[in-house]
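Here is how the chains run, residue by residue.
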Amino acid sequence: LLVLIAWIGRVVGNMAISRSAGFLDTMKRMWIRDPVLGVSLVMLVLTRSVDVSLYYRFNFDYGFFVWYFSALILPLGYLFILVPVVIYLQYYKKDVITKEMTDFPKWKLAFMGLLDTLFNLTSTPPVQHIGGNLSNVLSQTVLPINMLFGYLFLKMGFRWNHYMGALFVIGGVLLKILPSLIESGISPPVGWVMLCVGSQLFNAASNTYKEIGMKDANLNEWYANAWIGFFQLLFGILTCWTLLIEEFVDPHPAVTSMDALGEFLQQANDCFLGDDVTMTHGFGYNTLNCSSDNVQDPQPVPTGCRISCSSDGSPLYVFMAYIVFNVAYNQLTLVVLKRGSSVLYVVSNALRLPIVAALNAWHLVAGPAQQDFKWEDGASLGVLVVALALYYYQDEIHRKRDPETEALLTSNKPSTNPAL
């Protein structure tokens, strides 16, 4: 596989050299053409890599309360940072957030928040059933879906280098994941695999719709993210019904009564502050998984399990570091969507996979989730860098949208076409 990738890289490199002053000039042109986009891409990859690594560390000690984290803690922490900034910009820097931005229909921002919530809802549960490595591979199916949505809704066209860049992304991801999959001999359940792939429809739709909003309405990143975070909080609360479904909340047990819900919320708060909690079968829980790594002294039913919530630092302190990188990443995402494209964002975002592997090998960052850095991580990083350079070698083709689609996506008036 390495020899094949090296040969393809050589052929593509020679093609690029024959068409311009040299293949390596691609990255140089990126900085000259739009230095803000170039810096944003680099910072996007770095902040996303740290963001994901800290999320793995947080999830190690807080894995029994994933819904509480994604539906309440994360959007509240997000709004805690963003809302004061938006208030300052709106009332003390009045030329930053314009009337055009505030007049942007809130239902469109709510739709962005809904798409993000649906993506989180459908992409998180499969991880417990098919494993993180395979989930990472399947998450890259967002690239062809994003390219298809870009073609249909943004009237984007693609050149040879874009298709080659997409193939290199897939190759780099497979190079990162395949060795461990082959070694473990995983045979994942088809249903969860289909749900994981299906979740990328919401991911690609969110990327595409945000690109439309950021370019056509020229929204301020702080303002847009604050409203999206607000709607994510509202929609996240509405997903509390997933606590009733055991498969959706694994490894913590399903909540089957109001008393159990109250105990669950209390335990989630205690665990977030670093206090160990004990789960039992006596409070409405159907089943209890005592086999997780952060379970101390697993005991037989009905005694339950004592959950360690601070094996290497309180979740609160890890979250405080995580939320800084998460906010930075989401701000940079909107910058890339505004100045670049949603497909460029997806391609560059794939670079995080091997970098996350390197960070996970550093105990200071990964904590109890530390893993060794392997040869395939370094090889994958090289292939993905080539993929990004290839994709950026030539601009995408932007065609004019038809009037019906233009009206639907950019105006406040409803479409007369029932299909749209």
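Residues numbered from 1 in each chain as written. Predicted model: local features only at pLDDT ≥ 70, side-chain atom pairs only at ≥ 80, totals over all residues. Heavy atoms only, no water.

Draft legend 1. Representation of the overall build of the chain within the structure. Helix and strand content of the chain: 20 helices and five strands. Residue pairs at least 24 apart in sequence account for 81% of intrachain contacts in the chain once pairs closer than 6 positions are excluded. Accessible surface for the chain amounts to roughly 19400 Å². Of this, 65% is attributable to carbon and sulfur atoms. (Helix = DSSP H or I, 4+ residues; strand = E, 2+ residues; numbered from the N terminus. Contact = heavy atoms within 4.5 Å. Areas by Shrake-Rupley, 256 points an atom, 1.4 Å probe, with all protein chains shown as cover.)

Draft legend 2. Structural view of the side chain of Asp51. Mapping Asp51 onto the fold places it in helix α3 (residues 35–62). One polar contact links Asp51 to Arg48, side chain to side chain, over a distance of 2.6 Å. (Polar contact = N/O pair within 3.5 Å; in protein donor to acceptor, adjacent residues only side chain to side chain.)

Draft legend 3. Representation of the confidence of the model for the chain. Summary statistics for the chain give a mean pLDDT of 76 and a share of 75% for residues scoring 70 or more. When pLDDT is averaged over each element of the chain, helix α12 (residues 221–238) comes out on top at 92 and strand β3 (residues 295–296) at the bottom at 50. Counted against residues more than four places away or in other chains, residues 15–24, with its pLDDT under 50, gives 14 contacts. This stretch, residues 297–301, has a pLDDT under 50; its non-local contacts, to residues over four places away or in other chains, come to four contacts. (pLDDT = per-residue confidence, 0-100.)

Draft legend 4. Highlighting the environment of Ser199. Mapped onto the secondary structure, Ser199 falls in helix α11 (residues 190–216). Once residues lying within four places of it in the same chain are set aside, the contact partners of Ser199 are Phe119, Thr122 and Ser123. Here Gln200 takes part through its side chain, which lies 3.4 Å from a polar atom of the side chain of Ser199.

Draft legend 5. Quick look at the packing of aromatic side chains. For the structure on display, the rule yields 14 aromatic pairs. With centroids separated by 5.4 Å and ring planes inclined at 65 degrees, the aromatic side chains of Phe230 and Phe231 adopt a geometry described as edge-to-face. Classification of Phe231 as buried rests on a relative accessible area of 12%. Ring-pair connections join several aromatic residues into one group, and the members of that group are Tyr55, Phe69, Phe272, Phe319 and Tyr322. Looking at Arg48, its charged tip hangs above the ring of Tyr329, at a distance of 4.5 Å from the centre. When the ring centre of Trp227 is taken as origin, the NZ or CZ atom of Lys106, which lies over that ring, is 5.4 Å away. (Phe/Tyr/Trp six-rings, centres within 6.5 Å; stacked < 30°, edge-to-face > 60°. Buried < 20%, exposed > 50% of the residue type's maximum accessible area, 1.4 Å probe, protein only. Lys NZ or Arg CZ within 6 Å of the ring centre and 35° of its normal.)

Draft legend 6. Representation of helix α19 (residues 375–391) in the model. The terminal C-alpha atoms of α19, which comprises 17 residues, lie 25 Å apart, in line with the 24 Å expected from a rise of 1.5 Å per residue. Those residues of α19 that fall on the buried side of the exposure criterion are Glu376, Asp377, Ser380, Val383, Leu384, Ala387, Leu388, Ala389, Leu390 and Tyr391. (Expected span 1.5 Å × (residues − 1).)

Draft legend 7. Spatial organisation of the pattern of salt bridges. Applying the stated criterion across every chain yields a total of four salt bridges. When the shortest N-O distance is used, the salt bridge between Asp51 and Arg48 registers 2.6 Å. Of this pair, Asp51 and Arg48 both sit in helix α3, three residues apart, which is roughly one turn of that helix. Two residues, Lys210 and Asp116, come together in a salt bridge whose shortest N-O distance is 2.9 Å. Within this pair, whereas Lys210 is found in helix α11, its partner Asp116 is found in helix α6 (residues 106–123), the two being separated by 94 residues in sequence. Considered together, Lys210 and Asp116 belong to a single accessibility category, that of buried residues. (Salt bridge = Lys/Arg side-chain N within 4 Å of Asp/Glu carboxyl O.)

Draft legend 8. Representation of a nonpolar patch on the surface. A contiguous nonpolar patch, built from Val83, Ile87, Tyr88, Tyr91 and Tyr92 and spanning about 570 Å² of accessible area, is present on the exposed surface. For Tyr88, the position within the fold is in helix α4 (residues 66–92). Under the relative-accessibility criterion, Tyr88 is labelled partly exposed at 42%. (Patch = residues over 30% accessible without salt bridge, like charges linked within 9 Å, V, L, I, M, F, W, Y side chains within 5 Å.)

Draft legend 9. Geometry of the packing of helix α17 (residues 352–360) against α19. Contact pair α17 / α19: the axes reach a minimum separation of 8 Å and the direction vectors enclose 150 degrees. Between α17 and α19, the crossing angle belongs to the class labelled roughly antiparallel. Here α17 runs over α19; the crossing is left-handed. Of the residues in α19, those in contact with Pro354, Ile355 and Ala357 of α17 are Asp377, Ser380, Leu381 and Leu384. Considering only residue class, the contact of α17 with α19 consists of five nonpolar, one polar and one charged. (Axes fitted to C-alpha atoms, helices over the stretch in contact; angles between N-to-C directions. Parallel < 35°, antiparallel > 145°, perpendicular 65-115°, else oblique. Left-handed = near helix turned anticlockwise from the far one by under 90°. Nonpolar A, V, L, I, M, F, W, Y, C, P; charged D, E, K, R; others polar.)

Draft legend 10. Layout of the environment of Ser53. Relative to the elements of secondary structure, Ser53 occurs in helix α3. On the basis of relative accessibility, which here comes to 0%, the residue Ser53 falls in the buried class. For the pair Ser53 and Ala357, spaced 304 residues apart in sequence, the C-alpha separation works out to 8.2 Å. Setting aside residues no more than four positions away along its own chain, Ser53 makes contact with Val356, Leu359, Asn360, Val365 and Ala366.

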